[in-house]
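# Coordinate analysis (summary)
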Amino acid sequence: MDTAEHDLIVETFRKAMTGSSGAALDAALDELGWADLLAEEPDTAIPVVFTLLGETGSHASVLNDVVAQAGGEPLGTTVTLPFTGGRWVRWERADAPAAQPPSEGAGDLLDPTLPLRLAEPGDPDLHLAAARRALGWWLLGTGRAMLALAREHALARTQFGRPIASFQAVRHRLAETLVALEGAEATLNAATASPEPFTCLLAKAAAGRASLDAARHCQQVLAGIGFTAEHDFHHHLRRTLTLDGLLGSARDLTRQAGAHIREQGHAPRLINL
Amino acid sequence: MTSPVTEPATIGEFRAAVREWFTHNDLSAGPDHSLDGQVAQLARVRRALYDAGWMRYGWPAEVGGLGGPAALRAVLGEEVASRDLAEPGIYSMIEVLAPTMISYAPPALAAEMVPLLLSGAEQWCQGFSEPGSGSDLASLSTRAEPHGDDWVVNGQKVWTSLAQYSQRCVLLTRTAPGHGGITAFFVDMDTPGITVRPLRTMHGIDEFAEVFFDDVVVPGDRMLGRPGDGWQLAMDLLPHERSTCFWHRVAFLYERLERLVGETATTTATTGAAGADDADLGAAYLALHTIRCRSHATQRRLADGARLGPETSIDKVLLATAEQRLFDTARDLLPGAVELTDPRWRSEYLYSRAATIYGGTAEIQRNIIARRLLDLGKE
């Protein structure tokens, strides 16, 4: 696939995601040939679609398709997925029930727009590598969305007679955010080039950690406005925390990686020149 | 020692051939971890690798090399670091010194001198930083004034690694005001008027020195480039430092992580603390994996002809962060080793504190990222 084709795909999917979310976006992705793209060009399909979900803040149930494809199951099914803390969830192929405001009702989820629901334990032998990589791209896109919001705010917001982007403390937080996201992107590209389960696990851990760092730095830069539900930031924060927990949090996966190298007595060099 | 029998055609073949060679050629360091011992070991490793041909790969034929991509040097350095054969900081100095000579020295001078460096016959140093010019390198004030065909140098350098062992120095001087008034010379360290005073460092290995220049006469044909090229020369080092050098350092850090894993296995057998420690080990490993992936991508871009720029400040921050995390983890998981019982962990732990200082502080890197990559405007 050449650059022009790639750019065209990105723009087409971005347009679809900008207009819709949930079941409507599932339908739109079907029409755009998501299933064929995933089957024929997974190394394009997964990074493009999942990063865009993060950047645009929309959502679709396509994670089910990535898991299904990895397990040799037909696309279009719904798979019970592990969540951190030993819980299991299903990502329904429908819209979330009309969400209550998040402060009301104990049954609400942190990210009430997602059609997630708790489920009975599922298959412990699911092939999660590809789905972890996909979630990593989604987390990366979410992190980038938060960085874009914080950067825009830092340039526009004036205090003490100058834009807050001119203060070194603010600049360094945003720089740290970019470092974390770029590092995570390198691990995701590595997991795309060599999609072994351990490389994918590390990429999900790096992306989860980077997006959590992005949320912390960017919310601090956004300050008061970033604490309101009137600014878009909080959607991305909710998404970050939820996606981090899905298929193993950065903390879970990092600990697994540590156990792995301790048991092996060896720190594998997964990427080589 | 014999030369390689067959020309390695790919990086993978090169790596395999180097590994095979190392199985028959044990260059392990002796028990002397002093700086004298490290420098002697470095010269020994270079000599052996040069005689066997490995050290010449990735360098052009004009300076005694055998050609091939720079990645071959990264691979060789990784194999050296993985076997703990040479301290990676001083091993990698060649990666900035030799390219400078190739790009800026008169060709005959480069052809004469670079093999002396590659073969371990000589050590060279880099006279850049000054007492008044650290992060603000362009403010340097060591003067060079023309005197007939020669130049006369007066001033002081600091943080000059291995100056006390060096036969030559790549020296930045002031010949006119501003960034365009910096001029570089290739100076023989035995020239009258040069005084070297090693700095005492807190980790006990005094690799840095102050270098004083009092009416030091440098022949005009030892100028690197033309008058005023010095700033560009310094900027041109960055892609070399931030590709092969970083790869070597990452390889060294993987070796140290494995050493830590080995030593932790012994302590956790007695304390049963494995579960808690896994999170720390995993975080250290993840940080190393992240900079390795990033550095891999950077070297790919360089090999594809990209010009490296401010985005390598991200590599620099990732590497420094990973290094400090690793040694923090070592101190956490080997309680008392740094403070009481293990001089090597102690020295390397202390040295890791400098990772966010040398080569441009972490703050300078973040300033560059904010200004050049995030386009946040002026401070």
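Note on numbering: residues in each chain are counted from 1, in written sequence order. For naming, the first written chain is A and the first written ligand is 1, with later ones following in the order written. A pLDDT threshold of at least 70 governs which residues receive local features in this predicted model, and a stricter bar of 80 or more applies before side-chain atom pairs are shown or counted, although totals over entire chains, interfaces and linings include all residues. Excluded from the side-chain calculation are hydrogens and water; included are all heavy atoms of the structure.

### Examining the overall build of chain B
A helix here means a DSSP run of H or I that spans at least four residues, while a strand means a run of E at least two residues long, and both kinds are numbered starting from the N terminus. Across its full length, chain B carries 12 helices and 8 strands. Taken over C-alpha atoms, the radius of gyration comes to 21 Å for chain B, in line with the 21 Å a tight globule of 379 residues would show. With respect to the three principal axes, the spread of C-alpha positions in chain B is 75 × 55 × 40 Å. Type-normalised accessible area, obtained with a 1.4 Å probe on protein chains alone, sets the label of each residue: buried when under 20%, exposed when over 50%, and partly exposed for intermediate values. In chain B, which comprises 379 residues, the proportion classed as buried is 57%. For this measure, only C-alpha atoms enter the radius of gyration; the expected value for a globule follows 2.2 Å times N^0.38, where N is the number of residues.

### Some points on the domain arrangement of chain A
Residues and elements named next belong to chain A. All the domain ranges listed were derived from an automatic or database domain assignment. Per the domain assignment, the segments of chain A are domain 1 (3–119) and domain 2 (129–264). One C-alpha centre belongs to domain 1, the other to domain 2, and the line joining them spans 19 Å. Note on definitions: a residue-residue contact is assigned when non-hydrogen atoms from the two residues lie within 4.5 Å. Each side of the interface is counted separately: domain 1 has 28 residues, and domain 2 has 24 residues. In total, domain 1 and domain 2 occlude about 2,200 Å² of area from one another, counting both sides; carbon and sulfur atoms represent 69% of this. Only one rule defines a salt bridge in this text: a Lys or Arg side-chain nitrogen within 4 Å of an Asp or Glu carboxyl oxygen. Inspection of the domain 1/domain 2 interface yields 2 salt bridges. Across the salt bridge formed by Arg 239 and Asp 111, the nearest N and O atoms sit 2.6 Å from each other. Of all the secondary structure elements, the ones that give two or more residues to the side of domain 1 that touches domain 2 are α4 (42–56), α5 (63–70), β1 (80–83) and β2 (87–91). No other element matches α4, which puts 8 residues into the side of domain 1 that touches domain 2. The classification used treats Ala, Val, Leu, Ile, Met, Phe, Trp, Tyr, Cys and Pro as nonpolar, Asp, Glu, Lys and Arg as charged, and all other residues, Gly among them, as polar. Within the side of domain 1 that touches domain 2, the residues separate by chemical class into 18 nonpolar, 7 polar and 3 charged. We define buried area as the total accessible area lost by two parts upon association, computed with a 1.4 Å probe and summed across both.

### So, unusual backbone geometry
Look at Ala223(A): it is not a glycine, yet its phi comes out positive at around 55°. Assignment of secondary structure puts Ala223(A) in the loop between α8 (197–222) and α9 (224–227). In this structure Ala223(A) comes out as partly exposed when scored by relative accessible area, which is 42%. Here Trp159(B), not a glycine, exhibits a phi torsion of approximately 65°, which is positive.

### A closer look at helix α5 (residues 94–104) of chain B
For α5(B), the tally of buried residues reaches 9 of 11 residues, placing the bulk of the element in the interior. Those residues of α5(B) that fall on the buried side of the exposure criterion are Ile94(B), Glu95(B), Val96(B), Leu97(B), Ala98(B), Pro99(B), Thr100(B), Met101(B) and Tyr104(B).

### Quick look at the sheet that holds β2(A)
Residue and element names in this part refer to chain A. Pairing within the open sheet is antiparallel, and its 3 strands lie in the order β1-β2-β3. What marks the edges here is a single partner per strand, and that holds for β1 and β3 (116–119). Recorded for the sheet is a direction-independent mean angle of 45° between the axes of neighbouring strands. Paired strands are those between which DSSP finds at least two bridges. Sheet topology note: the β1/β2 ladder contains 4 bridges and is antiparallel. From the neighbouring strand, Pro 82 faces β2, where its bridge partner is Trp 88. Axis geometry follows a simple rule: fit a line to the C-alpha atoms, using only the stretch in contact for helices, then measure angles between N-to-C directions, giving values from 0 to 180 degrees.

### Some details on the interface of chain B and chain A
If you look at the interface, chain B gives 46 residues, while chain A gives 41 residues. At the boundary of chain B with chain A, total buried surface from both sides reaches about 3,800 Å², with 67% on carbon and sulfur atoms. It is Tyr285(B), Leu374(B) and Leu376(B) in chain B that bury the most area against chain A; as a group they hold 18% of the surface buried on that side. Of the charged contacts, one joins Arg366(B) and Glu176(A) as a salt bridge, the two residues approaching to 2.6 Å between their closest N and O atoms. In the analysis that follows, any N or O atom pair within 3.5 Å is treated as a polar contact, provided that within protein one partner can donate a hydrogen and the other can accept it, and provided that, for residues neighboring in sequence, both atoms belong to side chains. Where chain B touches chain A, the interface holds 16 residue pairs in polar contact (both at pLDDT 80 or more).

### Examining the layout of surface pockets
Using a 1 Å grid laid over the protein atoms alone, points where a 1.4 Å probe fits but cannot get out form a cavity; open sets with protein on both sides within 12 Å along at least 5 of 7 lines form a pocket; any residue with an atom within 4 Å of a point counts as lining. Grid points are joined across faces, edges and corners, and a volume is the space filled by probe spheres set on the points. Taken as a whole, the second largest pocket spans an internal volume of roughly 650 Å³. Lining the second largest pocket are 24 residues, and of these Arg209(A), Asp213(A), Ala287(B), Thr321(B) and Arg325(B) lie nearest its centre. Elements supplying a minimum of two residues to the lining of the second largest pocket: α7 (168–193), α8 and α11 (250–264) of chain A together with α8 (274–303) and α9 (312–333) of chain B. Here the lining of the second largest pocket gets 6 residues from one element, more than from any other, and that element is α8(A). Broken down by class, the residue content of the lining of the second largest pocket amounts to 13 nonpolar, 5 polar and 6 charged.

### Points about a negative patch on the surface
All names here are of chain A. Candidate patch residues must exceed 30% relative accessible area and have no salt bridge, after which like charges are joined if within 9 Å and Val, Leu, Ile, Met, Phe, Trp or Tyr side chains if within 5 Å. Only the protein chains shown count as cover for residues, and the accessible areas themselves come from Shrake-Rupley with a 1.4 Å probe. Neither His nor the chain termini are counted; the positive set is Lys and Arg, and the negative set is Asp and Glu. Lys charges are placed at NZ, Arg charges at CZ, Asp charges at CG and Glu charges at CD. A cluster of acidic side chains, namely Asp 2, Glu 5, Asp 7, Asp 36, Glu 40, Glu 41 and Asp 43, defines a negative patch on the protein surface. Put simply, the parts of the chain that give the negative patch at least two residues each are α1 (3–19) and α3 (34–40). The exposure class assigned to Asp 2 is partly exposed, which follows from its relative accessible area of 44%.

### Focus: the packing of aromatic side chains
The criterion for an aromatic pair is that two Phe, Tyr or Trp rings (for Trp, the six-membered ring) have centres within 6.5 Å, with stacked assigned to planes under 30 degrees apart, edge-to-face to planes over 60 apart and tilted to the rest. Taken as a whole, this structure holds 15 aromatic pairs over all chains when the rule is applied. With a centroid separation of 5.3 Å and an interplanar angle of 70°, the aromatic rings of Phe14(B) and Tyr57(B) are classed as edge-to-face. Residue Phe14(B) is located in helix α1 (residues 11–24), and its partner Tyr57(B) is located in the loop between α2 (35–51) and α3 (71–82); the two are separated by 43 residues in the primary sequence. Looking at Tyr57(B), the relative accessible area reads 4%, which means it is buried. Centre to centre, the rings of Phe327(B) and Trp345(B) are 6.0 Å apart; their planes meet at 65°, and the pair counts as edge-to-face. Of this pair, Phe327(B) sits in helix α9 while Trp345(B) sits in helix α11 (residues 343–352); the two residues are 18 residues apart in sequence, bridging distant segments of the chain. Just as Phe327(B) is buried, Trp345(B) falls in that class too. Taken together, Trp34(A), Phe50(A), Trp91(A) and Trp138(A) form an aromatic cluster joined through their ring pairs. Criterion for a charge above a ring: Lys NZ or Arg CZ within 6 Å of the ring centre, and within 35 degrees of the ring normal. The ring of Tyr50(B) carries Arg56(B) above its face, with NZ or CZ at 5.7 Å from the centroid. Sitting over the ring of Tyr254(B), Arg292(B) keeps its end group 5.3 Å from the ring centre.

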